[in-house]
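Residue-level structural notes
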Amino acid sequence: MLSPLLDKIHRAVGLLPAPLLRDFSSRLAEANSPYSEVLANIILQSVHNPRLRRSVQDVLNAWRDDRSLNWGSRELAAAITSAAYAMQASQRELAVDLVWTGPSTSSLAIRRTDQVLLQLIQDCHHDLTLISFAIYKVPDIVQALTVALDRGIQLRILAEVVD
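Residues numbered from 1 in each chain as written. Predicted model: local features only at pLDDT ≥ 70, side-chain atom pairs only at ≥ 80, totals over all residues. Heavy atoms only, no water.

The helix and strand tally for the protein stands at 7 helices and 2 strands. Secondary structure elements of the protein, listed N to C terminal, follow the sequence α-α-α-α-α-α-β-α-β. Expressed as a percentage of its 163 residues, the buried residues of the protein come to 28%. Contacts in the protein between residues at least 24 apart in sequence constitute 66% of all its contacts with a sequence separation of at least 6. Here the protein has roughly 11,500 Å² of accessible surface; of this, 55% comes from carbon and sulfur atoms. (Helix = DSSP H or I, 4+ residues; strand = E, 2+ residues; numbered from the N terminus. Buried < 20%, exposed > 50% of the residue type's maximum accessible area, 1.4 Å probe, protein only. Contact = heavy atoms within 4.5 Å. Areas by Shrake-Rupley, 256 points an atom, 1.4 Å probe, with all protein chains shown as cover.)

Listed below in structure tokens is the structure:
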């Protein structure tokens, strides 16, 4: 069963903006103390938005009430920082860009396929799989793929074969 404190941290990390999370975590780390009402009030006074304040308060209350982990403020700060990093990394990895290859349209904010492919190839760190029904020789794409291969990227291309 997930600890109520870990659940509240997860919820707060999903809601609070990064600067507020950093401030919350920094204040906890600097305090280097067990839970106290004084510390909780200092932290809560720095959060002006009622919805965000409630989320911070939920974390602080769960910290106060959950003695199974026996965390001080530095451990709580580390947990918040770790959860924030994990969520941001997950969001980066799961990002999706819409690529439109159909007729021109002015009603959608879109990028051209070649622009998206170039960015995807340049930003790739490990491996890249390209799947396409039709592949045309585009010098910029070929050059970017060559540079990616030189960086050690594992490349797989799946394409339709013309009979």
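Okay, the pattern of salt bridges next. Counted by the stated rule, this structure contains 5 salt bridges. For the salt bridge of Asp7 with Arg11, the shortest nitrogen-to-oxygen distance reads 3.0 Å. One end of the pair is Asp7 and the other is Arg11, both in helix α1 (residues 4–15) and 4 residues apart, which spans about a single turn. (Salt bridge = Lys/Arg side-chain N within 4 Å of Asp/Glu carboxyl O.)

The next thing to look at is helix α2 (residues 18–31). Given a rise of 1.5 Å per residue, 14 residues ought to cover 20 Å, and the 20 Å separating the end C-alpha atoms of α2 matches this to within 8%. Leu20, Leu21, Phe24, Ser25 and Leu28 are the residues of α2 that are buried. Take α2 and look down its axis: the buried residues cluster within an arc of 130°, on one side only. Structural note: α2 exposes Pro19, Arg22 and Glu30 on the side pointing more than 90 degrees away from its buried face. Looking at the packing, one finds that the buried side of α2 touches α1, α3 (37–45), α4 (50–65) and α5 (73–93). (Expected span 1.5 Å × (residues − 1). Arc of directions from axis to C-beta.)

Another point: α3. Among the residues of α3, Leu39, Ala40, Ile43 and Leu44 are the ones counted as buried. In an axial view of α3, the angular spread of the buried residues amounts to 130°, which keeps them on one side of the axis. Among the exposed residues of α3, those pointing more than 90 degrees away from its buried face are Val38 and Gln45. Buried residues along α3 sit against α2, α4 and α5.

All right, on to the packing of aromatic side chains then. Applying the stated criterion across every chain yields a total of 1 aromatic pair. When the centroid spacing of 5.3 Å and the interplanar angle of 80° are considered together, the rings of Tyr35 and Trp63 count as edge-to-face. With Tyr35 in the loop between α2 and α3 and Trp63 in helix α4, this residue pair connects regions lying 28 residues apart in the sequence. The same class applies to Tyr35 and to Trp63, which are both buried. (Phe/Tyr/Trp six-rings, centres within 6.5 Å; stacked < 30°, edge-to-face > 60°.)

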